[in-house]
Every structure is written in structure tokens, then in C-alpha cells.
Amino acid sequence: MDVLNRIFSKTTDAVFASDASCQIVYANESFSYLCNLNLADILGRPCYEMFHAQALNGEAFCGPDCPIAQAMKRNDPIDHFDLMIPQPNGTQ
């Protein structure tokens with residue numbers, strides 16, 4: 001994780017990484033700020049519990065059967081993608 005930290009610790013973009021079981025294994029300070037949580041409260045949590053994200057078409061994306069985690073398990077490449085993440089006040 002030291003490599004990820006060297007790369008992403010100085011960016012203002014919120015960055016996180018999860019493993020094939022959806023556990024968050026890395027997050028930078030910008031991500032912590034965006035989530036309004038301490039890094040200790042983020043690391044090790046399933047990302048789908050934090051985000052409840054939707055695809056841009058409004059369909060649910062996050063969950064235990066995450067398509068990204070499934071692709072990782074198959075060793076498939078992952079293209080970039082956009083998600084909508086509800087804010088604590090319910091807005092997107």
C-alpha cells in the first residue's frame with residue numbers, strides 16, 4: 001500500500017481501492033474527507049456498504065455481487081466507469 005499512498009496521497013481526487021472481496025484496502029485523505037469518516041472507519045469495510053452506488057441509468061450497482069469484484073476474480077480487465085453515490089441527505 002506504500003506505493004498507492006505515494007501516488008495518491010497528494011491528489012485532491014478521492015481515491016480508494018478494494019480487493020476481490022469488496023473490502024476497502026486503501027483510501028486517501030481526500031476520500032476520507034468526502035465520506036466524512038476517519039480512515040480507520042473506512043479500511044476493511046465492504047465498499048458496497050459505504051456507497052450504495054447506482055449506475056448512471058439509475059440501476060443499483062453496489063452489492064455483494066459487485067461486477068467489479070467479479071471481474072477481478074476472473075482476472076478480467078476493468079474499464080473506467082461512472083457511478084452516482086447518494087449523499088447523507090439523500091441527494092445524488
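On a predicted model such as this, the values are computed, not experimentally measured, just so you know.

Cut-off values and rules
- Residues numbered from 1 in each chain as written.
- Predicted model: local features only at pLDDT ≥ 70, side-chain atom pairs only at ≥ 80, totals over all residues.
- Heavy atoms only, no water.
- Core = buried A, V, L, I, M, F, W, Y, C linked by side-chain atoms within 4.5 Å.
- Buried < 20%, exposed > 50% of the residue type's maximum accessible area, 1.4 Å probe, protein only.
- Helix = DSSP H or I, 4+ residues; strand = E, 2+ residues; numbered from the N terminus.
- Salt bridge = Lys/Arg side-chain N within 4 Å of Asp/Glu carboxyl O.

Draft legend 1. Highlighting the nonpolar core. Core analysis: the largest hydrophobic core is formed by 13 residues, its most contacted members being Ile-42 and Phe-51. Among the elements of the structure, β2 (24-27), α4 (47-51) and α5 (67-73) are those that each provide at least two residues to this core. Counting residues per element, this core draws most heavily on α4, which supplies 3 residues.

Draft legend 2. Focus on the pattern of salt bridges. Counting across every chain of the model gives 1 salt bridge. A salt bridge links Arg-74 to Asp-76, with the nearest nitrogen and oxygen atoms 2.7 Å apart. Owing to a relative accessible area of 51%, Arg-74 belongs among the exposed residues under this scheme.

Note that all results are geometric; they support no functional claim without further evidence.
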